[in-house]
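Close look at the chain arrangement
Each chain, written out:
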Amino acid sequence: MKVRKYLRGSGRVLAFVFVASIIWLLFDMAALRISLSDVSGQQLKERLIREREFYKKESMQALHPRRSFTHPVRRVADLPGTQKAPRRPKDDLFQVYRHKGEEQGQRVKDEQHKSLYLAKSNHSKFVDLKLGNAAAHQNDNAPKQNSPAKKEAVNLNVNAVGAEVTQKVAVKTLPAAHKAVDKVDSKPNEKVKDVKSEIQPKAIKSHLAQTTPHQLSNQDVKEVNEKVAQMQVKVTDKNNLGADKGLKPAVNQPAEGKSRVSTIAVRKSDVHKVLSLDATNSPRDPKAVGQFGQAAVVANHENSEVEKRWNEGHFNVYLSDKIPVDRAIPDTRPRKCAQSLIHDDLPSTSVIFCFVDEVWSTLLRSVHSVLNRSPPNLLKEIILVDDFSTKDYLKKQLDDYMSQFPKVRIIRLKERQGLIRARLAGAAVAKGEVLTFLDSHVECNVGWLEPLLERVYLDRRKVPCPVIEVISDKDMSYMLVDNFQRGIFKWPLVFGWSPVPADYIKKNKMKDTDPIKCPVMAGGLFSIDKKYFFELGSYDPGLDVWGGENMEISFKIWMCGGEIEIIPCSRVGHIFRGQNPYKFPKDRQKTVERNLARVAEVWLDEYKDLFYGHGYTHLLNKKVIDIGNLTDQIGLRKRLKCQSFKWYLDNVYPDMNAPLAKAGGLVYNRGLRKCLALQSDSLSFETCDLSKQTQHFNYTWVRNIRHHELCIAPQVQSNNFALQPCDNAKNEQRWLHKSSVSSLAEHFSAEVLRGMCLEGKLEGQALHLRACDANNLFQKWQFTHYYAR
Ligand code: UD2
Ligand code: MN
């Protein structure tokens with residue numbers, strides 16, 4: 001009994017506990033529901049905001065396409081002994097350029113950066129040929145790291161000499177030189193002139209005859225000897241040549257059956273270690289502003305001056321003018337580059353700078369960096385093409401200044417042609433075998449030229465570009481860029497940088513010195529075999545002033561049998577400016593988009609819709625814009641039997657996502673729960689069936705709802721629709737779907753009739769036009785596939 005009673009009692013307790021826990025559970029669930037709906041509400045809100053931002057950004061980008069030069073740069077760590085520039089508040093460079101941390105394969109840690117300029121390796125001695133009275137580097141006041149310095153570049157301090165003097169260095173480091181230098185070692189007090197006369201190759205003898213003798217100290221000669229001995233590499237075993245991949249990379253043979261200009265010259269020659277020349281016009285002052293590529297100081301009271309002069313070049317012109325025109329910059333090459341082997345008989349090059357109203361000091365620094373850091377036997381000439389500049393100092397003053405350098409020629413255009421035709425003018429008179437184009441505000445780094453020419457030598461269809469490093473527009477410091485970067489484009493043909501995919505690097509066991517295949521080049525800096533350049537039809541001369549020519553030449557090179565490469569062992573700094581500092585004869589935006597439209601029409605085939613669809617549909621209306629005659633360009637492409645753009649995407653830029661339509665497949669109406677079908681030239685609704693071709697439509701890049709050749713267009717008067725032959729240029733055939741207004745994301749809203757949407761109905765005509773209603777399911781449509789947002 002007791003037990004029963006107990007059970008009855010505990011049963012009541014149990015029942016109470018049970019009921020209480022149910023109530024508790026219900027409360028809990030309610031609370032959970034509230035928090036869940038809160039979360040999802042929040043998430044939804046966030047998504048909406050994100051979407052709105054995305055579309056806003058997208059439409060802004062489409063309207064104002066900019067060449068994105070966001071370059072992953074890192075500042076070379078400050079060298080002791082040089083002053084640090086105070087940053088003005090707005091001057092945070094790391095905001096200007098994407099700044100990344102250490103990446104795979106990075107060679108230099110910050111600590112090591114310190115020694116990049118002066119101490120690249122422990123065993124190699126700094127070779128500083130103090131010629132004439134120059135003794136700057138032995139100066140007690142010189143920065144500490146200068147004295148026991150170990151630097152690979154041969155640093156010549158030569159008073160008032162340009163190209164010619166550099167040749168002495170070239171001679172010393174040429175393969176045939178080592179014997180002669182041995183001799184010098186045994187008679188340390190011999191004059192350089194004597195050394196030269198024994199070791200100069202015939203080709204450059206005449207130049208050397210003009211140079212004046214200079215004294216070398218015993219120690220100097222010993223150091224030179226050591227240095228030269230290190231640099232001499234006489235490859236006797238030719239088989240070794242191919243063994244080192246970095247030395248002679250495999251040359252891609254043209255694909256079978258392709259008609260290509262013959263390219264690969266079979267050459268046999270000796271090799272030498274790349275020449276890391278770095279001559280100076282006068283002894284280098286380690287305390288000079290901006291020396292060693294350091295950020296330069298501007299005192300507070302000078303700020304107004306900086307502002308005043310900024311617009312002359314859209315960078316810190318005031319500061320630039322204070323920096324020596326032959327300053328040293330850090331040798332930012334990957335470590336192994338200094339050991340690269342270069343063939344002795346490389347082709348010579350004409351370096352072409354075209355410019356319009358370039359700042360004096362940057363133009364000079366560009367020219368000096370070429371004169372001082374290029375082997376003279378390879379530098380045929382420097383051609384300065386003045387694109388009808390308006391500044392006085394670029395006339396007689398420039399003529400006078402350059403007259404001291406026999407290799408520099410100046411060509412003046414009689415009217416403004418733009419950089420494309422200006423480069424062509426330079427190319428037309430160039431005497432070198434290879435053309436090397438550079439912007440007129442650059443600094444070529446040590447050893448920049450030979451690695452470029454080596455690639456052309458190996459295969460004249462290779463178009464090598466140096467790594468473009470960044471000279472800060474604010475403080476003029478020289479910044480190195482991350483490794484494994486290549487030039488790419490995004491729609492609408494916007495240039496940008498992107499890292500080589502990590503799996504590609506891994507799969508191909510890429511070293512940081514290996515050439516990097518590059519879908520498009522930045523445009524400004526590259527070498528190309530002169531004959532090959534003309535065989536390719538050079539640039540489209542119909543391109544105006546600035547912009548798009550880098551796309552044109554890139555597509556042309558790849559599609560017509562060539563290759564574009566970035567050469568990590570060749571590095572050139574460039575001042576990236578926020579704005580073009582010169583005037584455009586016509587509207588800038590119109591000029592650039594017209595150029596791009598020409599490129600799209602000639603090279604993109606069916607993919608040109610992707611270009612137009614990203615903010616350029618207005619260019620399709622020939623009444624709005626005249627892109628000029630394209631007959632010659634199209635003819636050229638046929639004549640050269642170039643590949644299709646699809647081939648380019650598949651083979652050169654496979655990671656580019658380029659679907660030919662934005663969406664496709666069945667078009668499902670959410671209200672009717674049926675699919676749109678086209679039969680005997682009219683539209684109806686049917687039960688969805690993927691196997692029926694009549695139900696297949698595309699939503700194209702120019703925003704047409706398309707079934708083969710027919711497109712849907714709104715009919716204003718009848719609030720109806722019409723089926724018309726598709727015409728990319730017709731705005732009335734464009735419908736917004738999944739675009740900016742997210743409340744109407746699933747709708748088809750007519751682009752020319754604001755606020756009107758396509759609505760599905762069963763009776764009569766399948767569709768009619770109605771005021772857009774965000775909640776109306778009959779106005780909501782879904783394609784089977786969405787290929788892009
Ligand atoms: C980039 C390229 C540039 C060119 C350009 C246009 C790099 C580092 N720079 O923009 O070489 O391909 O894209 O697509 O890759 N110039 C003239 N006449 C003109 C306009 C410019 O001679 O009417 C000169 C100008 O002085 C400069 C060069 O052309 O030396 C390139 O112009 P930029 O520096 O304004 O071009 P950038 O570097 O913004
Ligand atoms: Mn430039």
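Structural notes, computed from the coordinates. (Residues numbered from 1 in each chain as written. Chains lettered and ligands numbered in written order. Predicted model: local features only at pLDDT ≥ 70, side-chain atom pairs only at ≥ 80, totals over all residues. Heavy atoms only, no water.)

Topic: helix H18 (residues 549–559)
Among the 11 residues in H18, 11 count as buried, and that is most of the element. Where H18 is concerned, the buried positions are Glu549, Asn550, Met551, Glu552, Ile553, Ser554, Phe555, Lys556, Ile557, Trp558 and Met559. (Buried < 20%, exposed > 50% of the residue type's maximum accessible area, 1.4 Å probe, protein only. Helix = DSSP H or I, 4+ residues; strand = E, 2+ residues; numbered from the N terminus.)

What about the state of the cysteines?
Summed over the entire model, instances satisfying the criterion amount to 5 disulfides. In this model, Cys560 is linked to Cys642 through a disulfide, with the two sulfur atoms separated by 2.0 Å. Note on the Cys560 and Cys642 pair: the S-S dihedral is about 100 degrees, so by sign convention the disulfide is right-handed. Placement of Cys560 in the loop between H18 and strand E18 (563–575) and of Cys642 in the loop between helix H21 (631–639) and helix H22 (645–651) is noted, with a sequence separation of 82 residues between them. A disulfide bridge connects Cys711 with Cys726, and the sulfur atoms are separated by 2.0 Å. Given an S-S torsion of about 100 degrees, the disulfide between Cys711 and Cys726 has right-handed geometry. Placement of the pair is Cys711 in strand E24 (residues 710–715) and Cys726 in the loop between strand E25 (720–725) and strand E26 (735–736), with a sequence separation of 15 residues. For the pair shown, Cys711 and Cys726 are each scored as buried. (Disulfide = S-S within 2.5 Å.)

Description of the packing of aromatic side chains
In total, this model carries 26 aromatic pairs according to the counting rule given. Ring plane angle 85 degrees and centroid distance 5.2 Å describe the contact between Phe555 and Phe645, whose orientation is recorded as edge-to-face. Here the residue Phe555 occupies a position in helix H18, and Phe645 occupies one in helix H22, the gap between them amounting to 90 residues. Judged by relative accessible area, Phe645 falls into the buried class, the value being 0%. Taken together, the ring pairs in this structure connect Phe489, Trp491, Phe555, Tyr607, Phe645, Tyr648 and Tyr653 into an aromatic cluster. (Phe/Tyr/Trp six-rings, centres within 6.5 Å; stacked < 30°, edge-to-face > 60°.)

As for empty space enclosed by the protein
Over the atoms, a rolling probe the size of a water molecule traces out where space has been left empty. Per the stated rule, a full pass over the model turns up 10 cavities of 30 Å³ or more. In this structure, the largest cavity encloses a volume near 100 Å³. Contributing to the lining of the largest cavity are 14 residues, with Val467, Asp482, Phe484, Gln485 and Ile566 lying nearest its centre. Sorting the residues of the lining of the largest cavity by element identifies strand E12 (462–471) and E18 as the ones contributing at least two each. When residues of the lining of the largest cavity are assigned to their parent elements, the largest contribution, 3 residues, is made by E18. Taken together, the residues of the lining of the largest cavity break down into 8 nonpolar, 3 polar and 3 charged. (1 Å grid on protein atoms, 1.4 Å probe; cavity = no way out; pocket = protein on both sides within 12 Å on 5 of 7 lines; lining within 4 Å. Points joined across faces, edges and corners; volume = space filled by probe spheres on them. Nonpolar A, V, L, I, M, F, W, Y, C, P; charged D, E, K, R; others polar.)

Concerning the packing of H18 against helix H19 (residues 588–603)
Relative to each other, H18 and H19 sit at 15 degrees, their axes nearing to 9 Å. When the interaxial angle is binned, H18 and H19 end up roughly parallel. Considering how the two elements wind past one another, H18 and H19 form a crossing that is left-handed. Along its contact with H18, which presents Met551, Glu552, Phe555, Lys556 and Met559, the element H19 presents Leu596, Val599 and Trp603. (Axes fitted to C-alpha atoms, helices over the stretch in contact; angles between N-to-C directions. Parallel < 35°, antiparallel > 145°, perpendicular 65-115°, else oblique. Left-handed = near helix turned anticlockwise from the far one by under 90°. Contact = heavy atoms within 4.5 Å.)

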